Amino acid sequence: MRRFLTKLALLGAVALTAITSQAEAAAPIKVGYIPVLGSSALFVIEGEGWAREAGLDLQLVRFTSGPQAIQALVSGRIDAYVAGVLPLLQARAHGADVKVVTAASVEELEVIARGKLAEGLPEKQDGGLAPTAAKQLFEQFKATNAHPARIAAQPTGSVPDTLLRYWLLKQIGITPPLANTVSLVGVDIDAAQQAFLAGAVDAAVLREPALTVVRARMPQARTLATGHDLLPDQPGSVLAIVKPEAPEHQAWAKTLASLFLRATTLLSTHPDEAAPFVTKALGSGILTEDIMKASLEHSASRFVSDPTRIVAGVKQLQDFEVEQGLLRKAQPVEDLFDFDLWRQVKQ
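No experiment lies behind these values; they were computed from the predicted model shown.

Caption draft 1: A look at the overall build of the protein. When helices and strands are tallied, the protein shows 16 helices and 10 strands. A globule of 347 residues ought to have a C-alpha radius of gyration of about 20 Å, and the protein, at 23 Å, matches this closely. Its C-alpha atoms give the protein principal-axis dimensions of roughly 100 × 45 × 30 Å. Long-range pairs, those at least 24 residues apart, make up 77% of the contacts in the protein between residues at least 6 apart in sequence.

Spelled out as structure tokens, the structure:
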């Protein structure tokens, strides 16, 4: 009888362990994201059902800007982050424990012009304007119109805002202060596109699918700077894990990173297969699958997962943010990345 009771207790313990493990695996993982094409790997994971198959319960939390997502990260309201990399430096500067595991995309952002700012620019362009030509364009616009060109980007501290300032000051050489030559308008992502289409601004920092939508509705719009013009291998969206050393996060971090790599590979090689999932996430009943497919195909080569590819760009932009007073001091950029986990995922 004693042997029977011992065996029964052992079986009960095994069953309890299994139930507990399943409960832990099913614990919700809150992933904050920005609704842009750079977050597409997340939408593929959800759409394909890969997370559920792997025992992960992902809860996607939408934000309209990087700084907004960072506030949620710092306050502990999200477990992972899929958005621009630069705000993470500010988060770490304020004591947040967060690490980038994989990249998601590069060279997402472009500067596009309309109206008088776009007049006279060639319809067919292999890239953006040469730096000297871009500088002259802004100076001539102000002289002719008696006010600086208005450029919409996201709020100060966001990747679009920092990258725009970097291009204006460092790449094309506008003399500070910027306000003497251009006027920067900080709004959220959707508002930037709306402001551009409505003619409330003369230019905007946009990314796909907004670029495809704008060009379809406004063929006279012109590209002032491509993603490569702004900064070669321009850092885009990333997957970052909050408190990656915490046991409850270690339980799923590698699995999520592996799925992210798998989804990024699909986006870069078979973007048409990802179109339905991305349309569902970003279309809001307005964008068609054909538009989304065109956006994904145009961006296919920019979906990259190797985080080492963006380290140099992050350093450049961090140094610029320190110079501009957006960051108090530079942080060790390598400390922002978990290269060990990335190598495990690659293997």
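Caption draft 2: Looking closely at the confidence of the model for the protein. The share of residues in the protein with pLDDT of 70 or more is 92%, and the mean pLDDT across the chain is 89. For the stretch residues 1-25, pLDDT sits under 50, and the model shows 3 contacts to residues farther than four places along the chain or on other chains.

Caption draft 3: Inspection of the environment of Pro 160 at higher detail. By secondary structure assignment, the location of Pro 160 is in helix 8 (residues 159-171). With 35 residues separating them in the primary sequence, Pro 160 and Ala 195 have C-alpha atoms 16 Å apart. In contact with Pro 160, not counting residues within four places along its chain, are Leu 109, Ala 153, Gln 154, Val 205 and Arg 207.

Caption draft 4: Representation of the packing of aromatic side chains within the structure. Per the stated rule, a full pass over the model turns up 4 aromatic pairs. A ring pair is formed by Phe 138 and Trp 167, whose centres lie 6.1 Å apart and whose planes are at 75 degrees; its orientation type is edge-to-face. In this pair, Phe 138 sits in helix 7 (residues 131-145) while Trp 167 sits in helix 8, placing the two residues 29 residues apart along the sequence. With respect to class, Phe 138 is no different from Trp 167; both count as buried. Against the face of Trp 50 rests Arg 262, its NZ or CZ located 3.8 Å from the ring centre.

Caption draft 5: Representation of the domain arrangement of the protein within the structure. Domain boundaries in the protein define domain 1 (29-107 + 234-346) and domain 2 (109-230). The C-alpha centroid of domain 2 is placed 25 Å from the C-alpha centroid of domain 1. In this complex, domain 1 contributes 32 residues to the contact, which on the side of domain 2 involves 25 residues. Carbon and sulfur atoms make up 65% of the surface buried where domain 1 meets domain 2, a total of about 2,300 Å² over both sides. Taken together, the links from domain 1 to domain 2 amount to 2 salt bridges. A salt bridge links Lys 170 to Glu 323; its shortest N-O distance comes to 3.0 Å.

Caption draft 6: Broad picture of the pattern of salt bridges. Inspection of the entire model under this criterion finds 9 salt bridges. A salt bridge links Arg 215 to Glu 110; the nearest nitrogen and oxygen atoms lie 3.0 Å apart. Taken together, the residues span a long stretch of sequence, with Arg 215 in helix 10 (residues 210-217) and Glu 110 in strand 5 (residues 110-113) at a distance of 105 residues. You can call Arg 215 partly exposed: its relative accessible area is 30%. A relative accessible area of 4% means that Glu 110 is categorised as buried. Its salt-bridge partner being Arg 150, residue Asp 202 comes within 3.3 Å of it at the nearest N-O pair. Linking Asp 202 in the loop between helix 9 (189-198) and strand 8 (203-206) with Arg 150 in strand 6 (residues 149-153), this pair joins segments that are 52 residues apart in sequence.

What counts, and at which threshold
- Residues numbered from 1 in each chain as written.
- Predicted model: local features only at pLDDT ≥ 70, side-chain atom pairs only at ≥ 80, totals over all residues.
- Heavy atoms only, no water.
- Helix = DSSP H or I, 4+ residues; strand = E, 2+ residues; numbered from the N terminus.
- Rg over C-alpha atoms; globule rule 2.2 N^0.38 Å.
- Contact = heavy atoms within 4.5 Å.
- pLDDT = per-residue confidence, 0-100.
- Phe/Tyr/Trp six-rings, centres within 6.5 Å; stacked < 30°, edge-to-face > 60°.
- Buried < 20%, exposed > 50% of the residue type's maximum accessible area, 1.4 Å probe, protein only.
- Lys NZ or Arg CZ within 6 Å of the ring centre and 35° of its normal.
- Domains from an automatic or database assignment.
- Buried area = accessible area lost by both parts, 1.4 Å probe.
- Salt bridge = Lys/Arg side-chain N within 4 Å of Asp/Glu carboxyl O.

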